[in-house]
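# Structural features, examined
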Amino acid sequence: MLNISQVLSQYNTKIKKISRQPDLESQLILAFVLKKPRSYILAHTDSELSKQQLSITTKLFARRLSGEPLAYLTGEQEFGELSFKVNKYTLIPRWETELMVEQALSLAHNSTNTTILDIGTGSGCIAITLAKKLPQVTVIASDKSARALAVAKINATRHEVKITWLTGNLLQSLIKKINLLPKNTKQLITTANLPYVPSAYLKNLKSKDKIGLKFEPLSALNGGSDGLKYYRELSKQIKHLKNLRPKLIITVLMEIQPGQVGAMQKIFEHNFIIKDLAKKDRLVIANF
Ligand code: GLN
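Only a predicted model underlies this, so the values are computations on that prediction, with no experimental measurement involved. (Residues numbered from 1 in each chain as written. Predicted model: local features only at pLDDT ≥ 70, side-chain atom pairs only at ≥ 80, totals over all residues. Heavy atoms only, no water.)

### Details of unusual backbone geometry
The backbone of L170 sits at a positive phi, close to 55°, despite the residue not being glycine. The topology assignment puts L170 in the loop between β5 (164–167) and α9 (172–176). A relative accessible area of 8% means that L170 is categorised as buried. Residue K279 is not a glycine yet carries a positive backbone phi of 65°. (Helix = DSSP H or I, 4+ residues; strand = E, 2+ residues; numbered from the N terminus. Buried < 20%, exposed > 50% of the residue type's maximum accessible area, 1.4 Å probe, protein only.)

### Details of the UniProt feature "domain: Release factor glutamine methyltransferase N-terminal" (unreviewed entry) in the protein
Residues annotated by UniProt as "domain: Release factor glutamine methyltransferase N-terminal" (unreviewed entry) correspond here to residues 8–75. Helix makes up 74% of residues 8–75 and strand makes up 0%, while its end C-alpha atoms are separated by 21 Å. (UniProt positions renumbered as here; feature names shortened; annotations may be inferred.)

### So, the packing of aromatic side chains
Considering all chains together, one arrives at 3 aromatic pairs under this definition. On the numbers, 3.9 Å between centres and 0° between planes, the contact of Y11 with F61 is stacked. Of this pair, Y11 sits in helix α1 (residues 4–18) while F61 sits in helix α4 (residues 51–65); the two residues are 50 residues apart in sequence, bridging distant segments of the chain. Each member of the pair Y11 and F61 is classed as buried. For the ring pair F79 and F84, a centre distance of 6.3 Å and an interplane angle of 65° mean the geometry is edge-to-face. (Phe/Tyr/Trp six-rings, centres within 6.5 Å; stacked < 30°, edge-to-face > 60°.)

### Quick word on the layout of surface pockets
In this structure, the largest pocket spans a volume of roughly 1600 Å³. Along the walls of the largest pocket sit 46 residues, with Q77, I92, P93, R94 and W95 positioned nearest its centre. Going through the elements one at a time, α2 (22–34), α5 (70–74) and β1 (76–79) are the ones with two or more residues in the lining of the largest pocket. Residue contributions to the lining of the largest pocket peak at 5 residues, all from α2. Residue composition of the lining of the largest pocket, by class: 23 nonpolar, 7 polar and 16 charged. By volume, the second largest pocket is sized at about 380 Å³. (1 Å grid on protein atoms, 1.4 Å probe; cavity = no way out; pocket = protein on both sides within 12 Å on 5 of 7 lines; lining within 4 Å. Points joined across faces, edges and corners; volume = space filled by probe spheres on them. Nonpolar A, V, L, I, M, F, W, Y, C, P; charged D, E, K, R; others polar.)

Structure representation (structure tokens):
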């Protein structure tokens, strides 16, 4: 029989090699297996694991040590104040994306004249967080992956928000079904955390990169040769949407990685850039 403290020390050295937060992650694995909060793990280090708990723990540590992110082991990831179900069909929400939510909140009017459109919604974390904070606003979310949308729908039910779901690439489905956009919408805020990682970077990933990108859906990360393929396509589709509804004020918020600013400024004319908490260029906001 092993107790909590013995299990933690057994994996201590190995997990340090692959994790940025080894202690936290080990405690969270045990908390998940024991179905207890992390505080319990810290307070009950002498408590022994049953045979079954030990066998589950061994399997989970093996998966984590192979590089698989913790969120895929537990099926959960916190984003802002909420927790979201995730699986291998959805990107794992990142803390830096909270910047997009913050900015969207400061730009949106909590009124029935505002509509939020979240494209490439994945787990739905952006759309759902905004829907919770802006109860007057219509929220539409789209993704080309039906499997990701299935997860997003579960998350919306969990957090009790109503969202209109569309399957399709970027704005395509909305453009086809433009009547889904309420007639009284004056302000359209579009949030887009599209795949923006250059494909060459993804090809050269080390077998155990510390983020675990290898385990995430390539279709949610791969943005083509310079990473900006989808943002280019989006800029064309927005012009099309603007032609359909010329009076609509459209603001688009797009997450990028530092180094893509110059190229984004060429694609989007009226834009400004916002840095994340690590002082890296992270968000491009463009108006149409
Ligand atoms: N932020 C992610 C990463 O670099 C990429 C997410 C994306 O492509 N939208 O790990």
